[in-house]
Amino acid sequence: MAPTPVSAHDLSQKHKRVVNFSAGPSKLPDTVLQRAQEEMLNFQETGSSVMELSHRGKTFKSVISEAEKLTRQLLNVPDNFRILFMQGGGCGQFAAVPLNLAGSPGATVDYIVTGRWSESAAKEAEKYCKVRKVHAPKPHASDSSDSEDSEEEWWSELSDNAAYVYMCDNETVDGVEFKCPPRTPPGVPLVADMSSNMMSRPIDFSKYGLVFAGAQKNLGPAGVTVVIVREDLMDGRALPFCPSVLSYHVTSRNDSLYNTPPTFSIYVTGLVMQWVRDSGGVARMQELSREKSSLLYSLIENSQGFYYCPVDKSCRSRMNIVFRLSGGEALEKRFTEEAAKQGLTNLEGHRSIGGLRASLYNAVTIADTRTLASFMRDFAKRVAQIDLV
Ligand code: PMP
């Protein structure tokens, strides 16, 4: 008799799983972890774990091509884009992007700086290129909420002669997210770091030349980086000293098997893609991300200043909710300690800026978010006798 399917909720209870709000590596769907566990000792009747299979064998090749196929389907990736599975994480791409796309050493490239990760990417690119930093407006809270009217002004600062324009679609540390991609000058490709929001909304590939994401937030476990690159950008733009292992052309020509790839991470990423598909696809992930983030932002806004969000409303992230307690750092410490005791973990802000941060990636459910909201209400009531709706 087939075993009765166990719900994700029951699974979570049974294994005493915490509600993990980490910015990454972050929560994976319980059912994905269970499936990986079931298949651990004998993957598809091979008598081996997927980790023990040759990356050049038939079975693993079908695993990687399935992961690629699902990524293509879910994100509606056009035929003239290649999907690559690489190593080195987001930081590896900070080097790979200039090494592959600059055209010639010292070429001019534009970096839109909106926070910590785009700043780091610009610094890495300075080793190979002449970097022009373009500062997008309004990363900090102001009274001019919801207005997007100044966008055109700074888009015009992007130079016609740049080899590419670089942006970070969602700044994980600062809690800042683009609502839509900037318009680049004709013929200048746009490169986007989507490490912390890929698969949370559709991507209009007509606007981008390349997008990439380290898997460990929305896509799967750490170790694999998904790069989606327009084919024509892989011709004749790489710097002569670009290492083969970081080369898009070499990776593409070898179907992401130039050297031994992180096989287990690719396998689990494929399982997460199946889970996204079975959960309603990227459009559903987008709806849920709006619902989850609005729940927390409106609670913060309506807290009579007990909680506050330092990010302007016009660019608040749906993925990483950065917030603070007006009571100060000691109270924030008490908040995270009490939350952890209730199984709500990793709510500390990034170590470079402190404060609080709740990351609401795809695997974090509405129920998880409601549990956090109810803890936040309870905390405000106990500390300041405020009744939050
Ligand atoms: N870009 C973004 C948006 C990130 O959030 C991170 C890491 N959290 C990185 C790049 C760096 O990624 P990695 O640690 O995989 O090198």
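In this text, all values refer to a predicted model and were calculated from it rather than measured experimentally.

Draft legend 1. Here's a closer look at a nonpolar patch on the surface. Taken together, the side chains of Met40, Leu41 and Met51 make up a nonpolar region of the molecular surface, amounting to roughly 320 Å² of accessible area. By secondary structure assignment, the location of Leu41 is in the loop between helix H2 (30-38) and helix H3 (58-75). Its relative accessible area of 73% is what places Leu41 among the exposed residues.

Draft legend 2. Inspection of the site of the ligand at higher detail. What surrounds the ligand is a group of 13 residues, the closest being Cys91, Thr172, Asp193, Gln216 and Lys217. Taking Trp117, its side chain carries an N or O atom lying 3.4 Å from an oxygen atom of the ligand. Between the ligand and Thr172, the relevant distance is 2.5 Å, taken from an oxygen atom to a side-chain nitrogen or oxygen of the residue. If the ligand stood free it would expose 390 Å²; the protein chains cover 83% of that surface.

Draft legend 3. The side chain of Asn20, seen in detail. In this fold, Asn20 is placed in strand E1 (residues 19-20). A distance of 2.9 Å separates the side chain of Asn20 from the backbone nitrogen of Ser22, its partner in a polar contact. For Asn20, the residues in contact, after removing those within four places along its chain, are Ser26, Lys27, Thr345, Asn346 and Val364.

Draft legend 4. Local environment of the sheet that holds strand E14 (residues 356-359). What the three strands build is an open sheet, ordered E11-E12-E14; its pairing is antiparallel. Edge positions in the open sheet fall to strand E11 (307-308) and E14, since each of these has one partner strand only. Where strand E12 (residues 320-325) and E14 come together, four bridges link them in antiparallel fashion. Note on E14: the bridge partner recorded for Val322 is Arg357. Relative to the sheet, helix H9 (residues 281-301) contacts E11, E12 and E14, its axis offset from that of E12 by approximately 15°.

Draft legend 5. Summary view of the environment of Lys217. Within the secondary structure, Lys217 sits in the loop between strand E9 (210-214) and strand E10 (225-230). Sequence spacing of Lys217 and Asn197 is 20 residues, and the spatial spacing of their C-alpha atoms is 8.0 Å. Those residues in contact with Lys217 that sit more than four places away from it in its chain are Ala23, Gly24, Ser26, Lys27, Thr172, Ser195, Ser196 and Tyr361.

Draft legend 6. Broad picture of the sheet that holds strand E4 (residues 130-135). Spatial strand order, E2-E10-E9-E8-E5-E3-E4: seven strands in an open sheet with mixed pairing. Both outer strands of the open sheet, strand E2 (81-86) and E4, are each paired with one neighbouring strand and no more. The mean inter-strand angle of the sheet, taken between neighbouring strand axes irrespective of direction, is 20°. Alignment of E9 against E10, held across five bridges, turns out to be antiparallel. Looking at E10, one finds that Gly214 is bridged to Thr225. Strands in contact with helix H5 (residues 116-125) are strand E3 (108-113), E4, strand E5 (165-168) and strand E8 (190-193); relative to E3, the strand with the most contacts, it is inclined by about 160°.

Draft legend 7. Structural context of the pairing of E8. Burial along E8 is two-sided: Leu190 and Ala192 facing one way and Val191 and Asp193 facing the other are all buried. Where E8 lies against E9, three bridges are found, and the strand directions are parallel. Paired with Val191 across the strands is Leu210, a residue of E9.

Draft legend 8. Quick peek at the domain arrangement of the protein. Assigned domains within the protein: domain 1 (58-275) and domain 2 (280-384). Listed per partner, the contact involves 30 residues of domain 1 and 25 residues of domain 2. Summing both partners gives a buried area of about 2300 Å² for domain 1 against domain 2, and 51% of it is carried by carbon and sulfur. At the junction of domain 1 with domain 2, the criterion picks out one salt bridge. Of the charged contacts in the structure, one is a salt bridge between Arg318 and Glu177, with a shortest N-O distance of 2.6 Å.

Draft legend 9. Up close: the pattern of salt bridges. Applying the stated criterion to the full structure yields 24 salt bridges. Arg132 is paired through a salt bridge with Asp110; the nearest N and O atoms lie 2.9 Å apart. Separated by 22 residues along the polypeptide, Arg132 in strand E4 and Asp110 in strand E3 bring together distant segments of the chain. In this structure, Arg201 and Glu177 form a salt bridge, with 3.8 Å as the shortest nitrogen-oxygen distance. Linking Arg201 in the loop between E8 and E9 with Glu177 in strand E7 (residues 176-177), this pair joins segments that are 24 residues apart in sequence. Judged by its relative accessible area of 14%, Arg201 falls in the buried class. Take Glu177: its relative accessible area is 3%, and that puts it in the buried class. Within this structure, Asp169, Glu177, Arg201 and Arg318 form a network of salt bridges that share partners.

Thresholds applied
- Residues numbered from 1 in each chain as written.
- Predicted model: local features only at pLDDT ≥ 70, side-chain atom pairs only at ≥ 80, totals over all residues.
- Heavy atoms only, no water.
- Patch = residues over 30% accessible without salt bridge, like charges linked within 9 Å, V, L, I, M, F, W, Y side chains within 5 Å.
- Areas by Shrake-Rupley, 256 points an atom, 1.4 Å probe, with all protein chains shown as cover.
- Salt bridge = Lys/Arg side-chain N within 4 Å of Asp/Glu carboxyl O.
- Helix = DSSP H or I, 4+ residues; strand = E, 2+ residues; numbered from the N terminus.
- Buried < 20%, exposed > 50% of the residue type's maximum accessible area, 1.4 Å probe, protein only.
- Near = heavy atom within 4 Å.
- Polar contact = N/O pair within 3.5 Å; in protein donor to acceptor, adjacent residues only side chain to side chain.
- Contact = heavy atoms within 4.5 Å.
- Pairing = 2+ DSSP bridges.
- Axes fitted to C-alpha atoms, helices over the stretch in contact; angles between N-to-C directions.
- Domains from an automatic or database assignment.
- Buried area = accessible area lost by both parts, 1.4 Å probe.

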